[in-house]
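Residue strings, one per chain:
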Amino acid sequence: MHLDGNAVAGALADAFGRDVTSAEASCGSCGARQAVASASAYVSAMGWVLRCVHCDAVLAVLIETEGHVRMSMAGVSSLDMPVAGGGA
Amino acid sequence: MTRRPTGWHAAKVTALHPETASARRIELEVPTWPGNDPGAHLDIRLTAPDGYQASRSYSIASSGEGTRVVLAVDEVPNGEVSPFLVEDLLVDDMLEVHGPLGSYFIWSPDSEERPVQLIAGGSGVVPLFAMAEAHALAGDASGFRMLYSVRTPADRFFASDLEGFAAHGSLQLDYVYTRQTPAGWAVPPGRITREVLEAAAWPAEVRPIVYVCGPTPFVETVAGWLTELGHDPRAVLTERFGGG
Amino acid sequence: MSFITRGFTGRGRERDPRLPPGQTLVEDWPVLSAGPTPDIDTADWEFVVVTENGRHTWTWDEMQALGVEDVTVDIHCVTHWSKLEMPWRGVPLDKVFENVETTHDYVMAHSYGGYTTNVPLDELLDGQAWIAIEADGEPLSPEHGGPARLLVPHLYFWKSAKWIRGLVTMPSDDPGFWEQNGYHLHGDPWQEERYW
């Protein structure tokens, strides 16, 4: 049973230092673009696995250990996010 | 939408009220809170004396610039965090919260003037309530509708507030009762259907923004029907929640 | 910033000498998933062992014919829960490897759905591991890895790959899915080999 990228917002914010749920991730496997919030999230006590909502390929894996957040984004070919104070 | 820093905060429990038989409204005072947009959520982290930690995400029922943060937490049977919050938490207790989180599943009064359709399954109503309340307080002109699927009348969250918004005309409110209806209700209890959705929701032609929040099967079913009914998938924003 | 939450202890965290360090006894059986649950019909199920010398395959019936045995084992999940004296049924990997020749020392387990995990070959033999088809007296449900999962109870339970499809021998201990992402290459619960 999966959730969505909203469920991993906290850990991603710890890793990036900002909220990235509205960032657009491109799937390295099928190329589809999707908001991080709308990717499929498999959340368990082992870690978080974000998968492409279109092809189920693994986009990112996030593990929290004592004092560390380890993140692999090997399945994301690009991440597009607005910057503070940026143009419209 | 306002860009707000996300961080860890110490929150003090200022008030606790029963929301339903299994859920509790929790009011927090968070002195360092940067405010939050309607629809945002936060993580709560609990720490045991031996260092063991457990954290879960909860949608925020309040919004705006203040430091008062309101949650409504439904107890998940055999969960670890929600039973503590619903049964054991006391006024004046301190909690660690991480937020505000979420810049996607957000509605703001100053966003473009499009009709808004809110679709809630169970306790998924919490972030949608925040949007409906912000809309009512702002006197915003966009037309708001809410379709709320809930087990029984006694399981409704924010029932009197929502009725108030409906009475003042800021919200068109429709319920689907899945287990038990109020006396004299026109339709027997049952799950939401495509026909009910089509009848109660803004039609695709008026280009609404649709927010759907609930358990994963509910969200996927409703989002699938919305696409079939001609809604632009990019204008259907979803948030799924899980237990704990 | 971190402080103790008044009144919070965590759910049911009592001690038992059969529990490895940092583990908590559970009575239920939590489900952890890193991806969609595949739907596999035993009529289509196939198990394959690939070595430097070639492929060996078994259908569902051929696997059963190798000999199913009953075992009672303790299982330990790296997420701090353990289940004790759990009854299982499965085919010991000793039977599977009876006619398999390899000089490789390691194995990558592959699952339907793409999951992988690495295990030293000698830790799959001598009665230490099974292709499990039943647990608690019932056929394995899809959520728990049915129709068949690897069962390596002396290692953390992520090594007991759900929806097992095959084993590929390898000369070096290459990391599987969780191992690539921060979990320990070996995963002995008594040594608390949780992370790198």
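For the structure, see preceding data.
Residues numbered from 1 in each chain as written. Chains lettered and ligands numbered in written order. Predicted model: local features only at pLDDT ≥ 70, side-chain atom pairs only at ≥ 80, totals over all residues. Heavy atoms only, no water.

Colleague: Honestly, the overall build of chain A in this entry has me stumped. Any pointers?
Modeller: Across its full length, chain A carries 1 helix and 8 strands. Written out in order from the N terminus, the α and β elements of chain A read β-α-β-β-β-β-β-β-β. Since a compact globule built from 88 residues should have a radius of gyration of about 12 Å, the 12 Å found for chain A is in line with a globular shape. Split into buried and exposed, the 88 residues of chain A put 52% on the buried side. Considering only contacts in chain A between residues 6 or more positions apart, those separated by 24 or more positions represent 46%. Accessible area of chain A: about 3,700 Å², with a carbon and sulfur share of 52%. Here chain A carries 4 positive and 8 negative side-chain charges, and the mean point of each set is 6 Å from the other. (Helix = DSSP H or I, 4+ residues; strand = E, 2+ residues; numbered from the N terminus. Rg over C-alpha atoms; globule rule 2.2 N^0.38 Å. Buried < 20%, exposed > 50% of the residue type's maximum accessible area, 1.4 Å probe, protein only. Contact = heavy atoms within 4.5 Å. Areas by Shrake-Rupley, 256 points an atom, 1.4 Å probe, with all protein chains shown as cover. Lys, Arg positive; Asp, Glu negative; His and termini not counted. Charge placed at Lys NZ, Arg CZ, Asp CG, Glu CD.)

Colleague: Help me understand the pattern of salt bridges, please; the structure alone is not making it clear to me.
Modeller: Proximity of charged atoms lets side chains of opposite charge pair with each other. Under the counting rule described, the total for this entry stands at 22 salt bridges over all chains. Here Arg-151 of chain B ties to Asp-155 of chain B by a salt bridge, and the two come within 3.5 Å at their closest N and O atoms. Since its relative accessible area comes to 43%, Arg-151 of chain B is described here as partly exposed. Across the pair Lys-159 of chain C and Glu-179 of chain C runs a salt bridge, and its minimum N-O distance is 2.7 Å. (Salt bridge = Lys/Arg side-chain N within 4 Å of Asp/Glu carboxyl O.)

Colleague: Looking at this structure, how should I read the nonpolar core?
Modeller: Note that soluble globular proteins tend to have their nonpolar side chains buried in a common cluster. If you look at the biggest cluster of nonpolar residues, it comprises 59 residues, and the most contacted ones within it are Phe-47, Trp-88, Leu-167 and Trp-178 of chain C. The element that contributes the greatest number of residues to this core is strand 8 (residues 130–135) of chain C, accounting for 5 residues. When near neighbours in sequence (up to four residues on either side) are disregarded, Phe-47 of chain C contacts His-56, Thr-57, Trp-58, Met-63, Val-96, Ile-131, Ile-164, Arg-165, Gly-166 and Leu-167 of chain C. Core analysis: the next-biggest nonpolar cluster, separate from the first, contains 35 residues, Ala-61, Phe-158, Phe-165 and Cys-213 of chain B among them. (Core = buried A, V, L, I, M, F, W, Y, C linked by side-chain atoms within 4.5 Å.)

Colleague: Even after reading the chapter, I still don't get helix 5 (residues 216–228) of chain B, so can you show me in this structure?
Modeller: Owing to its 3.6 residues per turn, the α-helix aligns residues three or four sequence positions apart on the same side. Here helix 5 of chain B is 13 residues long and its end C-alpha atoms lie 18 Å apart, about the 18 Å a rise of 1.5 Å per residue gives. All buried positions along helix 5 of chain B are accounted for by Thr-216, Phe-218, Val-219, Val-222, Ala-223, Trp-225 and Leu-226 of chain B. Looking at the buried positions of helix 5 of chain B, the neighbouring elements they touch are strand 1 (3–4) of chain A together with strand 7 (116–121), strand 8 (144–150), helix 4 (194–200), strand 10 (209–215) and strand 11 (236–241) of chain B. Once helix 5 of chain B finishes, Gly-230 of chain B follows within two positions and takes phi at roughly 100°, a positive value. (Expected span 1.5 Å × (residues − 1).)

Colleague: When you look at the pairing of strand 2 (residues 24–27) of chain A in this model, what are you seeing that I'm missing?
Modeller: All names here are of chain A. Both strand 2 and strand 3 (residues 33–35) contribute to a ladder of 3 bridges, which runs antiparallel. Its bridge partner lying in strand 3, Ala-25 is registered against Gln-34. What sits between the antiparallel neighbours strand 2 and strand 3 is a turn of 5 residues, in which Gly-31 has the positive phi angle 85°. Bridge count for strand 2 against strand 8 (residues 76–80) is 4 bridges, and the pairing is antiparallel. Opposite Glu-24, over in strand 8, you have Asp-80 as the bridge partner. (Pairing = 2+ DSSP bridges.)

Colleague: Would you take a moment to explain the sheet that holds strand 7 (residues 68–72) of chain A for this structure?
Modeller: The pairing of strands in a sheet happens through backbone hydrogen bonds and is either parallel or antiparallel. Residue and element names in this part refer to chain A. Spatial strand order, 1-4-5-6-7: 5 strands in an open sheet with antiparallel pairing. A strand with exactly one partner marks an edge of an open sheet, and here the two such strands are strand 1 and strand 7. Lying on the sheet, helix 1 (residues 9–16) is in contact with strand 5 (47–51), strand 6 (58–65) and strand 7; it crosses strand 7 at an angle near 95°. (Axes fitted to C-alpha atoms, helices over the stretch in contact; angles between N-to-C directions.)

Colleague: What is the right way to read the packing of helix 2 (residues 125–138) of chain B against helix 3 (residues 159–167) of chain B from this model?
Modeller: Packed helices, taken two at a time, are described by the angle their axes make and the gap between the axes. Residues and elements named next belong to chain B. It is at 11 Å that the axes of helix 2 and helix 3 come closest, and there the two elements cross at 40°. Our classification of the angle between helix 2 and helix 3 gives oblique. In terms of crossing hand, the pair formed by helix 2 and helix 3 is left-handed. In contact with Phe-129, Ala-132, Glu-133 and Ala-136 of helix 2, helix 3 contributes Asp-161, Leu-162 and Phe-165. Across the contact of helix 2 with helix 3, the residue classes break down as 5 nonpolar, no polar and 2 charged. (Parallel < 35°, antiparallel > 145°, perpendicular 65-115°, else oblique. Left-handed = near helix turned anticlockwise from the far one by under 90°. Nonpolar A, V, L, I, M, F, W, Y, C, P; charged D, E, K, R; others polar.)

Colleague: What is the right way to read the interface of chain C and chain A from this model?
Modeller: For an interface, size is often stated in terms of accessible area lost upon the parts coming together. Tallying the contact residues gives 15 residues for chain C and 16 residues for chain A. By the criterion of area lost to chain A, the three top residues of chain C are Trp-178, Asn-181 and Tyr-195 of chain C, representing 33% of everything that side buries. Our enumeration of links across chain C and chain A arrives at 0 salt bridges. For the interface between chain C and chain A, the tally reads 3 residue pairs in polar contact (both at pLDDT 80 or more). When grouped by side-chain class, the residues that make up the side of chain C that touches chain A number 10 nonpolar, 5 polar and no charged. (Buried area = accessible area lost by both parts, 1.4 Å probe. Polar contact = N/O pair within 3.5 Å; in protein donor to acceptor, adjacent residues only side chain to side chain.)

Colleague: What exactly am I supposed to notice about the side chain of Lys-162 of chain C here?
Modeller: Residues and elements named next belong to chain C. With respect to the helices and strands, Lys-162 occurs in the loop between strand 10 (149–151) and strand 11 (164–170). At 2.7 Å, the side chain of Lys-162 forms a polar contact with the backbone oxygen of Leu-32. In this structure Lys-162 touches Val-31, Leu-32, Ser-33, Ser-111, Glu-143, His-144, Gly-145, Ala-148 and Arg-149, once residues within four positions along its chain are discounted.

Colleague: Mind showing me how you'd approach the sheet that holds strand 10 of chain B here?
Modeller: Residues and elements named next belong to chain B. Strand order in this open sheet of 5 strands is 9-8-7-10-11, and the pairing throughout is parallel. A strand with exactly one partner marks an edge of an open sheet, and here the two such strands are strand 9 (172–177) and strand 11. Averaged over all pairs of adjacent strands, the angle between their axes in this sheet comes to 10°, without regard to strand direction. With 5 bridges joining them, strand 7 and strand 10 adopt parallel strand pairing. If you follow Ala-120 over to strand 10, its bridge partner there is Cys-213. In the packing of helix 3 onto the sheet, contacts are made with strand 8 and strand 9, and the angle to strand 9 comes to roughly 135°.

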